[in-house]
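Residues per chain are reported as follows:
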Amino acid sequence: MTRKLLTVRELAALFNFARNRLKFEIPNPCRDLDKMPHSPRLKRVPSQDEIIRLILAADPETDEQDIVMCILHTLARIDEVLRLRWEDVNFDRRTVTLWTRKRKDGAYEPDVQPMNEDLYEVLWSRWEGRKQDKWVFYNEDTQDRFYHRPRMMASICKRAGIPPVGSGRRKKRIKKAMKVVDVPLYYGFHSLRHFMAS
């Protein structure tokens, strides 16, 4: 079993939690520590050509293309899109309400986004073909919403002929033993947000 060392940020958060939530009267010893030097990696942003190829390679018969279009037109995170309910979609006002917890206290807050014509067509088509009235992206196998789509973007990138943007290390079971292997990394859902922001 491997042990993970806590970063200064994680230790500071732990002491803050103990003081604020558990009401421990202890000073935070991490508060005055200097931050370690950090060299951010340059994020690779998909080109316009790659985005078009991604959209065309996404399967229109499943929800792949609709998820990609929703992220592109709302700048939403994948979790916010997968959590979309039909009550969050207002076709009359042409708005979509995304629920995000990327705030300081971590509570869910609504973020109302305008719905352009492309997004309207995607969501209206899903509404007309819906099999239940709760989730926009419904998983028929589990009778619930999708919670993760971990392999979807890599699969679309491969079909679109987009090469890996880097490599990473991942644990993989090989002949009953866990080994760390190098794996190719493709664009993820967050890359769509970076493209639209750029």
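The written sequence of each chain sets the order in which its residues are numbered from 1. For this predicted model, a pLDDT threshold of at least 70 governs which residues receive local features, and a threshold of 80 or more governs which side-chain atom pairs are given and counted, while totals over whole chains, interfaces and linings are taken from all residues. Calculation of side-chain values draws on the structure's entire complement of heavy atoms; hydrogens and water are dropped beforehand.

Engineer: Talk me through the overall build of the protein chain; I want residue IDs and the actual numbers.
Structural biologist: For the protein chain, the helix and strand inventory stands at 7 helices and 7 strands. Reading the protein chain from its N end, one meets helices and strands in the order α-α-α-α-β-β-β-α-β-β-α-β-β-α. In terms of overall size, the protein chain is more extended than a compact globule, its C-alpha atoms giving a radius of gyration of 21 Å where 198 residues would be expected to give roughly 16 Å. For the C-alpha atoms alone, the extent of the protein chain along its principal axes is close to 55 × 45 × 40 Å. A total of 198 residues make up the protein chain; the buried ones form 33% of that total. Every residue pair with non-hydrogen atoms within 4.5 Å of one another is taken to be in contact. Put simply, of all contacts in the protein chain between residues at least 6 apart along the chain, 51% involve residues at least 24 apart. Methods summary: accessible areas were calculated by the Shrake-Rupley approach with a probe of 1.4 Å, and residue burial reflects only the protein chains presented. Summing over all exposed atoms, the protein chain offers an accessible surface of approximately 14,600 Å²; the carbon and sulfur share of this is 52%. With 39 positive and 28 negative side-chain charges, the protein chain shows a spacing of 11 Å between the two charge centroids. By the criteria applied, helices consist of DSSP H or I runs no shorter than four residues and strands consist of E runs no shorter than two, each listed in order from the N terminus. Based on C-alpha atoms, the radius of gyration is set beside the globule rule, defined as 2.2 Å times the residue count to the power 0.38. Classification of residues uses two cut-offs on accessible area relative to the type maximum, computed with a 1.4 Å probe and protein chains only: under 20% is buried, over 50% is exposed, and between them is partly exposed. Positive residues here are Lys and Arg, negative ones are Asp and Glu, while His and the chain termini are left out of the count. A charged residue contributes its charge at one atom only: NZ of Lys, CZ of Arg, CG of Asp or CD of Glu.

Engineer: Break down the packing of helix H3 (residues 64–74) against helix H6 (residues 152–160) for me, with residues and values.
Structural biologist: Interaxial angle, 0 to 180 degrees, is taken between N-to-C directions of lines fitted to C-alpha atoms, where a helix line uses only the stretch in contact. Look at H3 against H6: their axes get within 11 Å of each other, and the N-to-C directions meet at 105 degrees. Comparing the axis directions of H3 and H6 gives the class roughly perpendicular. Note on element contacts: H6 touches H3 through Met152, Ile156 and Arg159, opposite Glu64, Ile67 and Val68. Three residue categories are used. Nonpolar comprises Ala, Val, Leu, Ile, Met, Phe, Trp, Tyr, Cys and Pro, charged comprises Asp, Glu, Lys and Arg, and polar comprises the others, including Gly. Grouping the amino acids of the contact of H3 with H6 by side-chain chemistry returns 4 nonpolar, no polar and 2 charged. If an angle is under 35 degrees, it is roughly parallel; if it is over 145, roughly antiparallel; if it lies from 65 to 115, roughly perpendicular; otherwise it is oblique.

Engineer: Which residues make up the pairing of strand S6 (residues 166–174), and what values do they have?
Structural biologist: Sheet faces and side chains relate simply in a regular strand, where the side chains alternate between the two faces. Pairing of S6 with strand S7 (residues 177–185), which is carried by 9 bridges, proceeds in the antiparallel orientation. Bridge pairing in S7 places glycine 168 opposite valine 183. In short, DSSP must find at least two bridges between two strands for them to pair. If you look at the hairpin formed by S6 and S7, you'll find 2 residues sitting between the two strands, and lysine 175 has a positive phi there, around 50 degrees.

Engineer: If you had to explain the packing of aromatic side chains to someone new, which residues and values would you point to?
Structural biologist: One pair of aromatic rings is described through two measures. These are the centre distance and the angle between the planes. Planes of paired rings set the category: under 30 degrees apart is stacked, over 60 is edge-to-face and the rest tilted, where pairs are Phe, Tyr or Trp rings (Trp by its six-membered ring) whose centres lie within 6.5 Å. Scanning all chains against the criterion turns up 6 aromatic pairs. Judged by centre distance (5.5 Å) and plane angle (85 degrees), the ring pair of phenylalanine 91 and tyrosine 120 falls under edge-to-face. On the criterion of sequence distance, the pair formed by phenylalanine 91 in the loop between strand S1 (89–90) and strand S2 (95–100) and tyrosine 120 in helix H5 (residues 117–128) is long-range, its members being 29 residues apart. Exposure class is identical for phenylalanine 91 and tyrosine 120. Each is buried.

Engineer: With reference to specific residues and values, describe the environment of leucine 56.
Structural biologist: Relative to the elements of secondary structure, leucine 56 occurs in helix H2 (residues 48–57). Each C-alpha atom of the pair leucine 56 and arginine 159 lies 9.5 Å from the other, and the pair is 103 residues apart in sequence.

Engineer: With reference to specific residues and values, describe the pattern of salt bridges.
Structural biologist: We count a salt bridge whenever a side-chain nitrogen from Lys or Arg sits within 4 Å of a carboxyl oxygen from Asp or Glu. One pass over the full model with this rule turns up 11 salt bridges. Between aspartate 49 and arginine 53 there is a salt bridge, with its nearest N and O atoms 3.3 Å apart. Here arginine 53 and aspartate 49 lie together in helix H2, a separation of 4 residues that amounts to about one turn. Looking at arginine 53, the relative accessible area reads 30%, which means it is partly exposed.

Engineer: Kindly report on H6, identifying the contributing residues and their values.
Structural biologist: Every buried residue belonging to H6 is among Met152, Met153, Ile156, Cys157 and Ala160, and all of these are buried. Each buried residue of H6 lies within a common arc of 130 degrees when the element is viewed along its axis, so the set occupies one face. Those residues of H6 hidden inside the fold are in contact with H2, H3 and helix H7 (189–197). At the C-terminal side of H6, glycine 161 shows a positive phi close to 75 degrees. Directions are taken from the helix axis to each C-beta atom, and the arc is the one they span.

Keep in mind that these numbers describe shape and distance, not what the molecule does.
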